[in-house]
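The chain contents come next:
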Amino acid sequence: MTQKFKHEKKYSKQESSNSFILGFFVNYLKPSAYVTSISEIDLDSLKEQGIKLIICDLDNTLVPHYTKFPTRKSREFIAEVKSKDLDFILVSNNVSKRVSFFAEKLGVKKYISNAKKPLPKAIKKSMIEKNVKPQETVIIGDMLITDTLAANFVHAESILVQPLIDPEKTLDKFLSWMEKFVFKRLTKDNLIIKSETIKKTIYSEDYEIL
């Protein structure tokens, strides 16, 4: 899949509360692109657009939640990232023991556990350490309310990946409800198109990521 990130015209505020809510969703929760799997991500396309750093979530993005070892798909993805000479950081809200284990098995040198996403502190620190600009960074993850929101907080690009396991089985009820609510609202307004065969970045001329 080819990812084309486009900075579009900002949503114009209207008086209605509905427009205010939609504007919030667009500017903070809309991903730059949506794919059903990490295998659909076109790394050559990312490099052509100036991406130098990939910050990637672990659970339900690279591997299914509760999986004890890296999957073949996750190993292949990391290998391809390395072959393209892109910097890669594994960033997860999970505990250090799990994140460090997967980083070691995947051959990832830089990782951050207990990242507290969507708070941007850990991500900002990583970008400073790698000396990259927000527009040179893409954050990949399966959750709008953590990964995409964190990306928009720091003005980085973002790729939303379809969760490998239903969020209801991995999140508490409130977070699961919130994630599905946000996703449905964005799809309703054609800001995300849920499709198994999606081939291009989803965006609209009327909206912009911060």
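A short tour of the structure in this document, coming up. Note that the coordinates shown come from a computational prediction; the quantities given were computed from them, not determined experimentally. (Residues numbered from 1 in each chain as written. Predicted model: local features only at pLDDT ≥ 70, side-chain atom pairs only at ≥ 80, totals over all residues. Heavy atoms only, no water.)

**Describing the overall build of the chain**
Defined as follows: The secondary structure listing takes helices from DSSP runs of H or I that are at least 4 residues long and strands from runs of E that are at least 2 residues long, numbered from the N terminus. Here the term buried applies to any residue with accessible area under 20% of the maximum for its type, exposed to any over 50%, and partly exposed to those in between, with areas from a 1.4 Å probe on protein chains only. Residue contacts are defined here by distance: any two heavy atoms, one from each residue, within 4.5 Å place the two residues in contact.
In terms of helices and strands, the chain carries 7 helices and 6 strands. Along its sequence from the N terminus, the chain presents helices and strands in the succession α-β-α-β-α-β-α-β-α-β-α-β-α. Within the chain, the proportion of its 210 residues that are buried is 52%. Relative to all contacts within the chain whose residues are 6 or more apart in sequence, the contacts with residues 24 or more apart total 73%.

**Looking at the sheet that holds strand S3 (residues 87-91)**
Where we set the bar: The pairing criterion is simple: DSSP has to find at least two bridges between the two strands. Lines fitted to C-alpha atoms define the axes here, with helix axes fitted over just the stretch in contact, and angles between the N-to-C directions of these axes take values from 0 to 180 degrees.
With parallel pairing, 6 strands are arranged side by side in an open sheet as S1-S6-S5-S2-S3-S4. Two strands lie at the open edges of the sheet, namely strand S1 (33-35) and strand S4 (110-112), each paired on one side alone. When strand polarity is set aside, the average angle formed by the axes of neighbouring strands in this sheet is 20°. Both strand S5 (residues 137-141) and strand S6 (residues 157-161) contribute to a ladder of 4 bridges, which runs parallel. Across the sheet, Ile139 pairs through a bridge with Ser158, a residue of S6. Packing against the sheet, helix H4 (residues 96-106) makes contact with S3 and S4, and its axis sits at approximately 160° to S4. The strands touched by helix H6 (residues 144-153) are S5 and S6; relative to S6, the strand with the most contacts, the crossing angle is about 160°.

**Let's talk about the environment of Ile41**
Positionally, Ile41 belongs in the loop between S1 and helix H2 (43-48). C-alpha of Ile41 to C-alpha of Ile159: the two residues are 118 residues apart in sequence and 8.6 Å apart in space.

**Brief notes about the side chain of Ser113**
Note that Ser113 resides in the loop between S4 and helix H5 (121-130). Judged by its relative accessible area of 17%, Ser113 falls in the buried class. Not counting the four nearest positions on each side in its chain, Ser113 is found in contact with Ser92, Asn94, Val95, Ser96 and Val99.

**Digging into H6**
The buried count for H6 comes to 9 of 10 residues, which makes it a mostly enclosed element. The complete set of buried residues in H6 reads Leu144, Ile145, Thr146, Asp147, Thr148, Leu149, Ala150, Ala151 and Asn152.

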